[in-house]
Amino acid sequence: MNHRQEEQLPGVLAIDAGNSKTDVALVSADGTVLGSARGGGFQPQLDGAEQAVDGLGPLVEEAALQAGLRPGTPFTTHVSACLANADLPIEEQRLQAAIEARRWGLTGHVANDTFGLLRAGTDGPRGVAVVCGAGINCVGLLPDGRTARFPALGHLTGDWGGGGGLAAEAMWHATRAEDGRGGPTALAGAIARHFGLPSATAVAETMHLGGLDRGRLHEIVRVLFAAAEAGDRTSLDLVDRQADEIARLAVVALTRLGLLGEPTPVVLGGGVLAARHPLLIDNLTARLAAAAPVAETRIVVAPPVLGAALLGLDHLGAGPEIQHRLRAAYPTTTPVAA
């Protein structure tokens, strides 16, 4: 993105577009948040890059209106877009081209949204981040630009868990318990009660026929953790497996970057982790303490758009005072007690 027009607001248009929600913020060059907007999920793998980026337009315009900017482009100096499903180089290239075509800023950069989480939880380009929200992913970064990444294409590339995966596993066990193919689990009755239907199988059938929005599947994650806290063995096993998967991702990324034996931030984020369920966090903390004892584990509770904005300010050469002003606008990142 390199145009002759002058930007209306020297600063950053930060975009964090996840599977389930999208946040946009317009940040001035001094780190002040002047406009923001929130919308639905970002799924270019289903909608195509152009249509998915088109869906960002109303949010950008809403944030611009709050910031007092007039219609037209470019709004600002730099667009920093951290996007879900930008997992492969070709996907990043397509999304980069689509962002550039909108001319929201003079320059711009697209990265996977997990890099935004990493930046939100660190002071610089060094560390590992694992996001466990609607899906699951992990990245690692060194100051020299080397990265550790995973394809993150779901079951096809070995991924397991996240909110969507946990909900699907819970339904799998619940329906099999009801029809006799699986062992008993409290999930069957708990899922049925949550949706006010006679059985988990009825929940599946109602969703299949359109009587329940499939988007409500994420609600099953809360049911799963409640059942685990009540001692349901199947639910406890699923939580244990999720902790193991998150730890494996982090340890592999640390190992690839030669950081396993060095004090290194391991940033955790996404809805499943940010909920800080003790059964998951305590399990995960114990696993990381055993496999990566000098890692500095922390949970990001701020909206990941903070990371996208910080990356944008990095591009502008902003100093610590400006970054501190921006961080003050959002909740803090919290360490995880060993």
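### A word on the packing of helix H5 (residues 113-120) against helix H13 (residues 305-316)
Line of reasoning, step 1. Running from N to C, H5 and H13 cross one another at 80°; their axes reach a closest spacing of 7 Å. One way to sum up the angle between H5 and H13 is to call them roughly perpendicular. Contacts between H5 and H13 involve Phe115, Gly116, Arg119 and Ala120 from the first element and Leu306, Gly307, Ala308, Leu310, Leu311 and Asp314 from the second.
Line of reasoning, step 2. For the contact of H5 with H13, the residue count by class is six nonpolar, two polar and two charged.

### Comments concerning the packing of aromatic side chains
Line of reasoning, step 1. Using the criterion set out here, one finds zero aromatic pairs in the structure.
Line of reasoning, step 2. Across the ring face of phenylalanine 150, the terminal group of arginine 256 is positioned such that the distance to the ring centre comes to 4.5 Å.

### With respect to unusual backbone geometry
Line of reasoning, step 1. Residues threonine 73 and proline 74 are joined by a peptide bond in cis, for which omega reads -5°.
Line of reasoning, step 2. Residue asparagine 85 is not a glycine yet carries a positive backbone phi of 70°.
Line of reasoning, step 3. Structurally, the position occupied by asparagine 85 is in the loop between strand E4 (76-83) and helix H4 (89-102).
Line of reasoning, step 4. Notably, alanine 152 is not glycine yet its phi reads approximately 55°, a positive angle.
Line of reasoning, step 5. Examined against the element boundaries, alanine 152 turns out to sit in the loop between strand E8 (147-149) and helix H6 (162-179).

Reading guide: rules and limits
Residue numbers restart at each chain and count upward from 1, following the sequence in its written direction. Predicted model: local features are reported for residues with pLDDT of at least 70 only, side-chain atom pairs are reported and counted for 80 or more only, and whole-chain, interface and lining totals are derived from all residues. Based on all heavy atoms of the structure, the side-chain values leave hydrogens and waters out of the count. Here, axes are lines fitted to C-alpha atoms. For helices the fit covers the stretch in contact, and angles between N-to-C directions go from 0 to 180 degrees. By definition, any uninterrupted DSSP run of H or I lasting at least four residues is a helix, any uninterrupted run of E lasting at least two residues is a strand, and each is numbered from the N terminus. Our angle categories are set so that under 35 degrees counts as roughly parallel, over 145 as roughly antiparallel, 65 to 115 as roughly perpendicular, and the remainder as oblique. Whether two residues are in contact is decided by their heavy atoms: any pair within 4.5 Å suffices. Residue polarity follows a fixed list, in which Ala, Val, Leu, Ile, Met, Phe, Trp, Tyr, Cys and Pro are nonpolar, Asp, Glu, Lys and Arg are charged, and the others, Gly among them, are polar. Working definition: a ring pair exists when centres of Phe, Tyr or Trp rings (six-membered ring for Trp) sit within 6.5 Å. Plane angles under 30 degrees give stacked, over 60 give edge-to-face, the rest tilted. Note on geometry: a ring has a charge over it if NZ (lysine) or CZ (arginine) is within 6 Å of the ring centre and within 35 degrees of the ring normal.

Shape descriptors only; they carry no functional weight alone.
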